[in-house]
Protein chains: 2
Amino acid sequence: MTVADVAREAGVAKATASRALGGYGAVSDEARDRVLAAAEALGYRPNELARSMNTGKSKTIGVVVGDIENGYFGLAMRGISDAAKRAGYDIILVNTSEDVEAEIDAVRLLLDKRVDGLIVAPASAYRTEHLREVHQSGHPLVLLDRRIESLPAVSVGVDIAPAARAATRALVAEGHRRIAFVSALGTDGERYSGLPLGVSSVTDRLVGILQGLEETGIPISPELIRFEAHGAEKTHAVIADLLALSEPPTAILLSDSLVALNVLLAFRELGIKVPRDVSVVAFDDVDWAAITDPPMTVVSQPIYDVGVTAAEELLRLMRGMAPDATTLRLPAALVERDSIGPVAVSAQ
Amino acid sequence: MTVADVAREAGVAKATASRALGGYGAVSDEARDRVLAAAEALGYRPNELARSMNTGKSKTIGVVVGDIENGYFGLAMRGISDAAKRAGYDIILVNTSEDVEAEIDAVRLLLDKRVDGLIVAPASAYRTEHLREVHQSGHPLVLLDRRIESLPAVSVGVDIAPAARAATRALVAEGHRRIAFVSALGTDGERYSGLPLGVSSVTDRLVGILQGLEETGIPISPELIRFEAHGAEKTHAVIADLLALSEPPTAILLSDSLVALNVLLAFRELGIKVPRDVSVVAFDDVDWAAITDPPMTVVSQPIYDVGVTAAEELLRLMRGMAPDATTLRLPAALVERDSIGPVAVSAQ
DNA sequence: TTGTATGCGTTATCAG
DNA sequence: CTGATAACGCATACAA
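Numbering of residues starts from 1 in every chain and runs along the sequence as written. Labels follow written order: the first chain is A, the first ligand is 1, and so on. Given that this is a predicted model, residues contribute local features only at a pLDDT of at least 70 and side-chain atom pairs are listed and counted only at 80 or more, while totals for whole chains, interfaces and linings are drawn from all residues. Values shown for side chains rest on all heavy atoms present in the structure; no hydrogens or waters enter the calculation.

Chemist: Got a minute to help me understand the protein's contact with DNA strand C in this structure?
Modeler: Neighbouring residues are identified by heavy atoms, a residue being near a molecule or strand if any of them is within 4 Å of it. Taken together, 26 residues lie around DNA strand C, and A:Val3, A:Ser18, A:Asn54, B:Ser28 and B:Asn54 are the ones closest in. Counting only atoms of DNA strand C within 4 Å of the protein, the sugar-phosphate share comes to 57%. Here A:Ser18 contributes a side-chain N or O atom positioned 2.3 Å from a phosphate oxygen of DNA strand C. Polar contacts, as counted here, are pairs of nitrogen or oxygen atoms within 3.5 Å of one another; within protein the pair requires one atom able to donate a hydrogen and one able to accept it, and residues that are adjacent in sequence qualify only if both atoms are side-chain atoms. In this structure, a phosphate oxygen belonging to DNA strand C sits 2.6 Å away from a side-chain N or O atom of B:Thr16. For the surface near DNA strand C, a count of residues per class yields 13 nonpolar, 8 polar and 5 charged. Here the term charged refers only to Asp, Glu, Lys and Arg, the term nonpolar to Ala, Val, Leu, Ile, Met, Phe, Trp, Tyr, Cys and Pro, and the term polar to all other amino acids, Gly among them.

If you want it as structure tokens, here you go:
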């Protein structure tokens, strides 16, 4: 069933049928009625591919994320999806497994499929030529969660540093001076040797933490800043290593909910009690944070809204409007529950 | 940059350039080299929309789920995505918020965009005309997680009944005779009045449970079968109601991980201890199940594999091959941890 | 092996 | 307001 069929059935020209069906141009009421009736009768459905071809618009946006299985992106995805749907857009979702090569391919393929815009959570802050090309060639692009300093594209994420600072100060207020940070970020085995890191959202956490430390006059100990904690085993090793230090941490900040989960698992295996032995604060107020023992103090992030905002900014860009700002950060907040306690006597 | 540009640059006809670029038909090595070089020089990228238009294939599959934010679908999505990518397919993801109308629209729109196939987790077992149409019109369709009795389309899910039966028997083995089942399924306020339910995956759980009960000679108590437990408040109400019964349950089976979370939350508020006061088994071995207090006994489901299998079955269908089977069920397993205990003395 | 001409289903242009 | 006709970018039957 094509427009031609409908036109013939309605006794009008293709152009008229097309106008009536597409709801544009000028069509007499009578002609429109005949066309619509014919379309209904024939069960006509437009071929969106053909339509896209000469409008140049596909009513589709591409979303490229590292791990859709991760609750963080799942929720952001939901926000993107809801906002996009409201505007009549569909979403092509590509999961890169945090692999830059896969990201490069994905971006190219999505452009080949003529998506109207792109939302990308960049896997790396270093390999960014492909995104720069996209941006410079005028394709609407919004960076999700992570920003790239050298790329003036719009980025939408969470203003995490202030909350990280607040979390750190909350720890210091309970007497903690040996405060560790554990992240799953891949650093090719290298130890911490200064900012920035490869992923801005992790950098921002650390920036806030270091600021909180400095303000309270606590010296920064590079040996307490740890990466590569992905997976239960590696995380267990990182925690065991940290605890074996001559001056072990009395508090640990956990970079994301997956790290938090693995750390709690390691604690259980090692017989560590929170907050008796170690105090803990995790980034991201995941749903299960309230049922851990004890309920976990966390930095809550408006992830769904980040998704909504990212999509809305992209829509602005696609309409040719100026973005609200080149870097949009939504506020995070410290949600105090019971995983912070005073420093254990034996550790003081 | 179009094929025409490349052809001109390479000094060949459009058709030759098209063949060289598309990697089909017969092209001399020399011509191919010239075309590829020209394409490279001009930065040519194919317009996949145009390509799709006359091949009839879009290399895209549509996936329609109720809630991408839900870890279950997030993981299944990952499986689908991985399998699809291996075969060179992209995915258009639509979230329906478990709304049938949204599902109907989504299916129609995806077809308009000429997806090559569809994977749908049906929101309802009753409103299925749209899916029947899709199937009957010959479009490759795979049902995810939930099957529809009257629809002979391929469905891929988990063989949950045997595991539900095993879970029930494990409960009975510890002396439980008052065993409840709590689900988030919407039933318009109606109480349980027989099978099947609106969602086959929930029906299957109940079938297994009832079977386990019958086999062990325990009478079925309709008042212990509860629905509508979605959200923390409603779940709290359901639990409070259950516990206020003259003969309250000593064990509860939780239909999914979200229900489990809300029930644990309600327990905490009500001062109920697991398994001292109530024993618990939850469906779906969500990542945090191992860190609850105590670690939770669960029915583990191979969700990622369900996603992979669904995508692979769809690929078979799209290739015109017969499906492996019309109903594919992957095995579930009872993972025993510590949330099942003997019946409390006061309740016996 | 290569080139020519035509079709895919729309929208857009321009007379009428 | 309507109709014929030309794009859109590519694939493909057919001829050379």
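What follows picks up the thread again.
Chemist: Whenever I open this one, the protein's contact with DNA strand D confuses me. Can you help?
Modeler: Taken together, 25 residues form the shell around DNA strand D, and within it A:Ser28, B:Val3, B:Ser18, B:Arg51 and B:Asn54 come nearest. At 2.8 Å from a phosphate oxygen of DNA strand D is found a side-chain nitrogen or oxygen belonging to A:Thr16. Measuring from a phosphate oxygen of DNA strand D, one finds a side-chain N or O atom of B:Ser18 at 2.6 Å. Residues belonging to the surface near DNA strand D are distributed by class as follows: 13 nonpolar, 7 polar and 5 charged.

Chemist: Just to check I follow, could you spell out the environment of B:Ser52 for this structure?
Modeler: Residue and element names in this part refer to chain B. Relative to the helices and strands, Ser 52 resides in helix α4 (residues 48-55). Overall, the relative accessible area of 6% leaves Ser 52 in the buried class. A polar atom in the side chain of Ser 52 sits 3.1 Å from the backbone oxygen of Lys 57. Secondary structure elements are defined from DSSP: runs of H or I of at least 4 residues count as helices, runs of E of at least 2 residues count as strands, and each element is numbered from the N terminus. Working definition: with a 1.4 Å probe on protein chains only, accessible area under 20% of the residue-type maximum means buried, over 50% means exposed, and in between means partly exposed.

Chemist: Even after reading the chapter, I still don't get the sheet that holds strand β6 (residues 179-182) of chain B, so can you show me in this structure?
Modeler: All names here are of chain B. What the 6 strands build is an open sheet, ordered β7-β6-β8-β9-β10-β12; its pairing is mixed. Edge positions in the sheet fall to β7 (225-226) and β12 (333-335), since each has one partner strand and no second. DSSP bridges decide pairing: two strands pair if at least two such bridges lie between them. Here β6 pairs with strand β8 (residues 251-254) via 4 bridges, running parallel. Along β8, the bridge assignment pairs Val 182 with Leu 254.

Chemist: What should I look at first to understand helix α8 (residues 160-173) of chain B in this one?
Modeler: An α-helical turn contains 3.6 residues, so any two residues separated by three or four positions project in the same direction. Between the first and last residue of a helix there are one fewer steps than residues, each counted as 1.5 Å, and that sum is the expected span. End to end, α8(B) covers 20 Å across 14 residues, agreeing with the expected 20 Å (1.5 Å per residue, within 8%). Looking one or two residues past α8(B), B:Gly175 carries a phi angle of roughly 95°, positive in sign.

Chemist: I tried to follow the UniProt feature "domain: HTH lacI-type" (unreviewed entry) in chain A on my own but got confused; where do I start?
Modeler: UniProt positions are given in the numbering used here, feature names are shortened, and annotations may be inferred rather than shown by experiment. According to UniProt, the "domain: HTH lacI-type" (unreviewed entry) feature falls on residues 1-55 of chain A. In residues 1-55 of chain A, helix accounts for 71% and strand for 0%; the two terminal C-alpha atoms are 21 Å from one another.

Chemist: What am I meant to see in the domain arrangement of chain A here?
Modeler: Interface size is commonly expressed as the accessible surface area that is lost when the partners come together. Residues and elements named next belong to chain A. We note that the domain assignment places domain 1 (3-55), domain 2 (60-158 + 303-331) and domain 3 (159-301) within chain A. Computed from C-alpha coordinates alone, the two centres of domain 2 and domain 3 are separated by 28 Å. The interface is formed by 13 residues belonging to domain 2 together with 11 residues belonging to domain 3. Among the residues of domain 2 in contact with domain 3, Arg 147, Val 158 and Ile 303 are the three that bury the most area, contributing 42% of the side total. Salt bridge, as applied in this entry: a Lys or Arg side-chain nitrogen positioned within 4 Å of an Asp or Glu carboxyl oxygen. At the junction of domain 2 with domain 3, the criterion picks out 1 salt bridge. A salt bridge links Asp 204 to Arg 147, with the nearest nitrogen and oxygen atoms 2.8 Å apart. On the surface where domain 2 and domain 3 come into contact, there are 7 residue pairs in polar contact (both at pLDDT 80 or more). Tallied by class, the residues present in the side of domain 2 that touches domain 3 amount to 7 nonpolar, 2 polar and 4 charged. For the purposes of this description, domain bounds are those given by an automatic or database domain assignment. We call two residues in contact whenever any of their non-hydrogen atoms come within 4.5 Å of each other. By buried area we mean the combined loss of accessible area, with a 1.4 Å probe, across both parts when two parts are placed together.

Chemist: Mind showing me how you'd approach the sheet that holds strand β12 (residues 333-335) of chain A here?
Modeler: Within a sheet, each strand pairs with its neighbour through backbone hydrogen bonds, oriented either parallel or antiparallel. All names here are of chain A. Pairing is mixed in the open sheet, where 6 strands are placed in the order β7-β6-β8-β9-β10-β12. At either margin of the open sheet sits one strand with a lone partner, and together these are β7 (225-226) and β12. Pairing of strand β6 (residues 179-182) with β7, which is carried by 2 bridges, proceeds in the parallel orientation. Along β7, the bridge assignment pairs Phe 181 with Ile 225. Helix-sheet contacts for helix α9 (residues 200-215) involve β6, β7, β8 (251-254) and β9 (279-283), and the interaxial angle to β6 is about 175°. Only the stretch in contact is used when a helix axis is fitted, and all axes are lines through C-alpha atoms; the angle between N-to-C directions ranges over 0 to 180 degrees. Across the sheet, helix α11 (residues 257-270) lies against β6, β8 and β9, angled at about 145° from β8, the strand it touches most.

Chemist: In this structure, what is going on with the relation of the copies chain B and chain A? I would like to understand it.
Modeler: For the pair of chain copies, the relating operation is a rotation around an axis with a shift along it. In superposing the copies, a least-squares fit is computed on C-alpha atoms, taking residues whose pLDDT is at least 70 in both. If you rotate chain B by 180° and push it 0.0 Å along the axis, it lands on chain A with an RMSD of 0.1 Å. Taken together, the rotation and translation describe the operation of a two-fold axis. Among all residues of chain B, the one whose C-alpha sits closest to the rotation axis is B:Ile92, at a distance of 2.1 Å. The fraction of interface residues of chain B whose copies in chain A are also interface residues reaches 100%, indicating that both copies meet through the same surface.

Chemist: Which parts of the structure should I look at to understand the side chain of B:Asp116?
Modeler: All names here are of chain B. Within the secondary structure, Asp 116 sits in the loop between α6 (100-112) and β3 (117-120). Positive charges are assigned to Lys and Arg, negative charges to Asp and Glu, while His and the chain termini are left out of the count. Within the buried set, Asp 116 has no salt-bridge partner at all; the shortest N-O distance to an opposite charge, 4.8 Å, is to Lys 57. Only 2.7 Å separates the side chain of Asp 116 from the backbone nitrogen of Lys 59, close enough to count as a polar contact. Residue contacts for Asp 116: discarding those within four places in its chain leaves Gly 56, Lys 57, Ser 58, Lys 59, Thr 60, Tyr 89, Pro 140 and Met 318.

Chemist: How should the pattern of salt bridges be read in this particular structure?
Modeler: Any two side chains of opposite charge can pair, so long as their charged atoms come close to each other. For the coordinates displayed, the defined rule picks out 47 salt bridges over all chains. Between B:Glu30 and B:Arg34 there is a salt bridge; the shortest N-O distance is 2.6 Å. Note that B:Glu30 and B:Arg34 are positioned in helix α3 (residues 29-42) at a spacing of 4 residues, about one turn of the helix. Through salt bridges with shared partners, one network takes in A:Asp67, A:Glu69, B:Arg78 and B:Asp82.

Chemist: Sorry if this is basic, but what is going on with the packing of aromatic side chains here?
Modeler: Each aromatic ring pair is summarised here by two numbers: the centre-to-centre distance and the angle between the ring planes. Only Phe, Tyr and Trp rings are paired, with Trp represented by its six-membered ring, and only when their centres lie within 6.5 Å; those with planes under 30 degrees apart are stacked, over 60 edge-to-face, the remainder tilted. If you walk through the whole model with that rule in mind, you get 2 aromatic pairs over all chains. The ring of A:Phe283 has A:Arg205 sitting right over it, with the charged end atom 4.8 Å from the ring centre. Two thresholds decide whether a charge sits over a ring: the Lys NZ or Arg CZ must be within 6 Å of the ring centre and within 35 degrees of the ring normal.

Chemist: I'm lost on the nonpolar core in this one. Help?
Modeler: Taken as a class, soluble globular proteins show a tendency for nonpolar side chains to be buried jointly. What we call a nonpolar core is a set of buried Ala, Val, Leu, Ile, Met, Phe, Trp, Tyr and Cys residues that are connected through their side-chain atoms within 4.5 Å. Grouped together as the largest cluster of nonpolar side chains are 120 residues, with contacts concentrated most on A:Ile119, A:Leu144, B:Ile119 and B:Leu144. Excluding its chain neighbours within four sequence positions, the residues that come into contact with B:Ile119 are B:Ile61, B:Gly62, B:Val63, B:Val64, B:Ile80, B:Val142, B:Leu144, B:Ala310, B:Ala311 and B:Leu314.

Chemist: Is there a simple way to explain the interface of chain B and chain A in this structure?
Modeler: Opposite the 45 residues of chain B that make contact, chain A presents 45 residues. Summing both sides of the interface, chain B and chain A together bury roughly 4400 Å²; the carbon and sulfur share of this comes to 56%. Interface area lost by chain B to chain A is led by B:Leu49, B:Lys113 and B:Ile291, which between them contribute 17%. Along the contact surface separating chain B from chain A lie 8 salt bridges. A:Arg78 is the partner of B:Glu69 in a salt bridge, and the nearest nitrogen-oxygen pair spans 3.2 Å. Linking chain B with chain A are 28 residue pairs in polar contact (both at pLDDT 80 or more). Listed by contribution, the elements that provide at least two residues to the side of chain B that touches chain A are α4, α5 (71-86), β2 (90-95), α6 and α11 (257-270) of chain B. Class assignment for the residues of the side of chain B that touches chain A results in 20 nonpolar, 10 polar and 15 charged. Sheet topology note: the strand β2 (residues 90-95) of chain A/β2(B) ladder contains 3 bridges and is antiparallel. Residue pairing across strands places A:Ile92 opposite B:Ile92, the latter belonging to β2(B).

Chemist: Even after reading the chapter, I still don't get the packing of helix α1 (residues 3-10) of chain A against helix α2 (residues 14-22) of chain A, so can you show me in this structure?
Modeler: To characterise two packed helices, one gives the angle between the axes of the helices and the distance between these axes. All names here are of chain A. Orientation of α1 relative to α2, taken along the N-to-C sense of each, is 105°, at an axis distance of 8 Å. The angle between α1 and α2 places the two elements in the roughly perpendicular class. Between α1 and α2, the contacting residues are Val 3, Ala 4, Val 6 and Ala 7 on the first element and Lys 14, Ala 17, Ser 18 and Leu 21 on the second. When its residues are assigned to classes, the contact of α1 with α2 shows 6 nonpolar, 1 polar and 1 charged. Roughly parallel means an angle under 35 degrees; roughly antiparallel, over 145; roughly perpendicular, 65 to 115; everything else is oblique.

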